[in-house]
Amino acid sequence: MDIFKLPFLICLSIIYSLTSYAEGEKNDKIIIESFNSIPSEIDGGCCVFYRYPDSVQNEGYIMVNDLANTAYMVVNHHLEEFTLVTNKKNTYWYRNNNYTLKVKITRKQSKNHGEDSEVKGILTLKDNNKKKLSLSFVGNCSW
């Protein structure tokens, strides 16, 4: 009977190790979550970005910024603050200790005599381990 216990325990150990490894891989993903309140640090004009046009009514922000200097996103359950590094021709690069964020505005349409703009674009978030996530967005900027 002992002859069968050892191989059985070895098999269970291998299965447990593989399962633990697979769960670890799932947790290494970059997940951008929506949030529904603008951080108190933003006072005045701002841009708010949404994943889907119908999120606008629900205030499901995926990113907000104070007209480009500081940006906020919820990444992997944490509110991350980003600082603008540089911008060129509707492309903005932000950085913090954990991530690099690229915001490319692909379409901008002014409304209400130039005080508000509707925007569309692509967000690309890269962590320090070079994992990357890109997604499109719609949004509004107002002064």
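Residues numbered from 1 in each chain as written. Predicted model: local features only at pLDDT ≥ 70, side-chain atom pairs only at ≥ 80, totals over all residues. Heavy atoms only, no water.

Draft legend 1. Seen up close, the state of the cysteines. For the structure shown, the criterion picks out 1 disulfide. Note on cysteine connectivity: Cys 47 is disulfide-linked to Cys 141, with sulfurs 2.0 Å apart. Taking the sign of the torsion about the S-S bond as the criterion, the disulfide between Cys 47 and Cys 141, at about 115 degrees, is right-handed. Placement of the pair is Cys 47 in strand S2 (residues 46–50) and Cys 141 in strand S9 (residues 132–142), with a sequence separation of 94 residues. Accessibility assignment for this pair places Cys 47 and Cys 141 in one class, buried. (Disulfide = S-S within 2.5 Å. Helix = DSSP H or I, 4+ residues; strand = E, 2+ residues; numbered from the N terminus. Buried < 20%, exposed > 50% of the residue type's maximum accessible area, 1.4 Å probe, protein only.)

Draft legend 2. Inspection of unusual backbone geometry at higher detail. Despite not being glycine, His 77 shows a phi value in the positive range, around 75 degrees. With respect to the helices and strands, His 77 occurs in the loop between strand S4 (70–75) and strand S5 (78–88).

Draft legend 3. Quick peek at the environment of Lys 120. Assignment of secondary structure puts Lys 120 in strand S8 (residues 116–127). According to the relative accessible area criterion, Lys 120 is partly exposed, its value standing at 39%. Distance in space between the C-alpha atoms of Lys 120 and Phe 137 is 5.7 Å, their sequence separation being 17 residues. Discounting chain neighbours no more than four positions away, the residues touching Lys 120 are Lys 104, Ile 105, Thr 106, Arg 107, Phe 137 and Val 138. (Contact = heavy atoms within 4.5 Å.)

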